[in-house]
Amino acid sequence: MSVDIRPLSTAHAGELVTVQRAAYLAEARRYAAWDLPPLVETLRQVEDHIASGQPALGAFDGHRLVGSVRGNVDGDRMEVARLFVAPDQQGRGIGRRLLDAAAGATPSGVDVLWLFTGARSEENLRLYESAGFVRVGERVDGLGITLVTLERKVI
Ligand SMILES: CC(C)(COP(=O)(O)OP(=O)(O)OC[C@H]1O[C@@H](n2cnc3c(N)ncnc32)[C@H](O)[C@@H]1OP(=O)(O)O)[C@@H](O)C(=O)NCCC(=O)NCCS
C-alpha cells in the first residue's frame, strides 16, 4: 500500500464528508450519540474550513481519500481535529502518520497542540499518548459524553 499525505483542496470536501461520517459512526455507536460534531458537520462547513487556510490534510491511496486530519489554530495553540481513517483502512498505521503530519503542518508561532477524545475511546487515548500527548483535563460535553483533553508541545 502506498498512501500519500498531502493538503486538501475544497474539491475534496464532498468525499471527505462521506468518509468522515463512515469513520465516526463507530464513535457514535460507542456513545449512543448520533449527533457527534463530525457526523453533523455540513459540506459547506468543511469547504469553509479548507478554504480558510487552516491546516487540512488528506491521506490518499491513489485518487481515493482514505483519511484526514484538520487543525484549528488559535494564537499559539492548535487543536488537532477530525482525525479519521476509512473503516476498511484502519489499523494500518495511517492514523498515526496523519497525526505526525498534522504536527509537521503546524504553522509557525504555534507552541502547543491539543485535542480531545471520549474517555471510553481507549484505542484513541493509546494513540495520542504514544504520540506524546498528555492528559490535562476532563469535561462533560452537551451530549453527556465525558471528554479527555490532551496536549503536547510542538517539537
Ligand atoms: C482513531 C483512528 C484515526 C486511528 O487510525 P488508524 O489508522 O486506525 O490507526 P493506526 O493504524 O495508525 O494505529 C495507531 C494506534 O491507533 C489506535 N487505534 C485507534 N483506533 C484503531 C482501530 N480502529 N484499529 C487499530 N488501531 C486503532 C491504536 O492504539 C493503535 O496503536 P497500536 O498500534 O499500538 O495498537 C481511526 O481508528 C478512526 O478513524 N477512528 C474513528 C474516528 C475517531 O475516533 N477519530 C478520533 C477522534 S478523537
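Right above here is the structure, for reference.
Keep in mind that this is a model prediction, so the values were computed, not measured. (Residues numbered from 1 in each chain as written. Predicted model: local features only at pLDDT ≥ 70, side-chain atom pairs only at ≥ 80, totals over all residues. Heavy atoms only, no water.)

## Re the packing of helix α1 (residues 13–31) against helix α3 (residues 43–51)
Logical step 1: At a minimum axis distance of 9 Å, the contact between α1 and α3 shows a crossing angle of 120°. Taken together, α1 and α3 sit at an angle that is classed as oblique. Between α1 and α3 lies a crossing of right-handed hand. Contact residues: α1 offers Ala13, Gly14, Leu16 and Val17, while α3 offers Leu43, Val46, Glu47 and Ile50.
Logical step 2: Its residues assigned to classes, the contact of α1 with α3 shows 6 nonpolar, 1 polar and 1 charged. (Axes fitted to C-alpha atoms, helices over the stretch in contact; angles between N-to-C directions. Helix = DSSP H or I, 4+ residues; strand = E, 2+ residues; numbered from the N terminus. Parallel < 35°, antiparallel > 145°, perpendicular 65-115°, else oblique. Left-handed = near helix turned anticlockwise from the far one by under 90°. Contact = heavy atoms within 4.5 Å. Nonpolar A, V, L, I, M, F, W, Y, C, P; charged D, E, K, R; others polar.)

## Looking at the layout of surface pockets
Logical step 1: Its boundaries defined by the atoms lining it, the largest pocket holds a volume of some 1,200 Å³.
Logical step 2: Lining the largest pocket are 43 residues, and of these Tyr24, Glu27, Leu83, Asn124 and Tyr128 sit closest to its centre.
Logical step 3: Counting residues per element, the ones that place at least two in the lining of the largest pocket are α1, α2 (37–40), β3 (64–74), β4 (77–85), α4 (94–104), β5 (112–118) and α5 (122–130).
Logical step 4: Top contributing element to the lining of the largest pocket by residue count: β4, with 7 residues.
Logical step 5: Here the residues of the lining of the largest pocket are counted per class, giving 20 nonpolar, 11 polar and 12 charged. (1 Å grid on protein atoms, 1.4 Å probe; cavity = no way out; pocket = protein on both sides within 12 Å on 5 of 7 lines; lining within 4 Å. Points joined across faces, edges and corners; volume = space filled by probe spheres on them.)

## Structural notes on the sheet that holds strand β6 (residues 134–140)
Logical step 1: Taken in spatial order, the 7 strands make up an open sheet running β1-β2-β3-β4-β5-β7-β6, and their pairing is mixed. The outermost strands of the open sheet, each flanked by one partner alone, are β1 (4–7) and β6. Averaged over neighbouring strand pairs, the angle between their axes works out to 25° when direction is ignored.
Logical step 2: Taken together, the 7 bridges between β3 and β4 define a ladder with antiparallel strand orientation. By the bridge assignment for β4, Asn72 is matched with Glu79.
Logical step 3: Here α5 sits on the sheet and contacts β4, β5, β6 and β7 (146–153); the angle it forms with β5, its principal contact strand, is near 165°. (Pairing = 2+ DSSP bridges.)

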